[in-house]
Amino acid sequence: MKKVFSVLLVLGVVIAMAACGNKKADEEARIADSIRVADSLAAVQATADSLAAVQAFNDSVAAAQAVADSIAAAEAAKTPAKKTTIQKVKEAGQAVKQDAANTKALRGGGTSK
């Protein structure tokens, strides 16, 4: 009787261990899967953040270019200021020098000034 009882006890222990299974391996697999998913989501978020930063930079560059274009257009639309007497004399002197150089070149003259 004792042998039968011992055999039944051993079978009960074996069945109980088989029913419980290897919970540790399942838990490790679940944790590894959770870590993989978290890393994947972090990579997607990092990509989205970098794309947003690039878009913000491009928008700021475009805004700066628009401001520069509007300033250039305003400068071009300004009426020219009146020339001072000194500016007029300088321009006249440059025109005379240019005419003299052109005349000298037509006559085959030297290159000295």
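Reference entry: report on the structure contained in this document. (Residues numbered from 1 in each chain as written. Predicted model: local features only at pLDDT ≥ 70, side-chain atom pairs only at ≥ 80, totals over all residues. Heavy atoms only, no water.)

Considering the pattern of salt bridges
Side-chain pairs of opposite charge can arise whenever the charged atoms involved come near each other. Put simply, the rule is: Salt bridge, as applied in this entry: a Lys or Arg side-chain nitrogen positioned within 4 Å of an Asp or Glu carboxyl oxygen. Note on conventions: DSSP H or I runs of at least 4 residues are helices, E runs of at least 2 residues are strands, and numbering of each starts at the N terminus. Classification of residues uses two cut-offs on accessible area relative to the type maximum, computed with a 1.4 Å probe and protein chains only: under 20% is buried, over 50% is exposed, and between them is partly exposed.
Tallying each qualifying case throughout the model produces 2 salt bridges. We note a salt bridge from Glu 27 to Arg 30, for which the minimum N-O separation is 2.6 Å. Taken as a pair, Glu 27 and Arg 30 lie in helix α2 (residues 23–77) at a separation of 3 residues, close to a single helical turn. On the basis of relative accessible area, Glu 27 is assigned to the partly exposed category, the value being 36%. Of the charged contacts in the structure, one is a salt bridge between Arg 36 and Asp 33, with a shortest N-O distance of 2.5 Å. Note that Arg 36 and Asp 33 are positioned in helix α2 at a spacing of 3 residues, about one turn of the helix. Judged by its relative accessible area of 52%, Arg 36 is exposed. The class of Asp 33 is partly exposed, set by a relative accessible area of 37%.

Description of helix α1 (residues 2–20)
Stated formally: Any helix carries an expected span of 1.5 Å times its number of residues minus one.
For α1, spanning 19 residues, the distance from its first C-alpha to its last is 27 Å, which sits close to the expected 27 Å at 1.5 Å a residue. Across the 19 residues that make up α1, only a small minority, 0, are buried. Taken from the residues just after α1, Gly 21 is the one with a positive phi, measuring 70 degrees.

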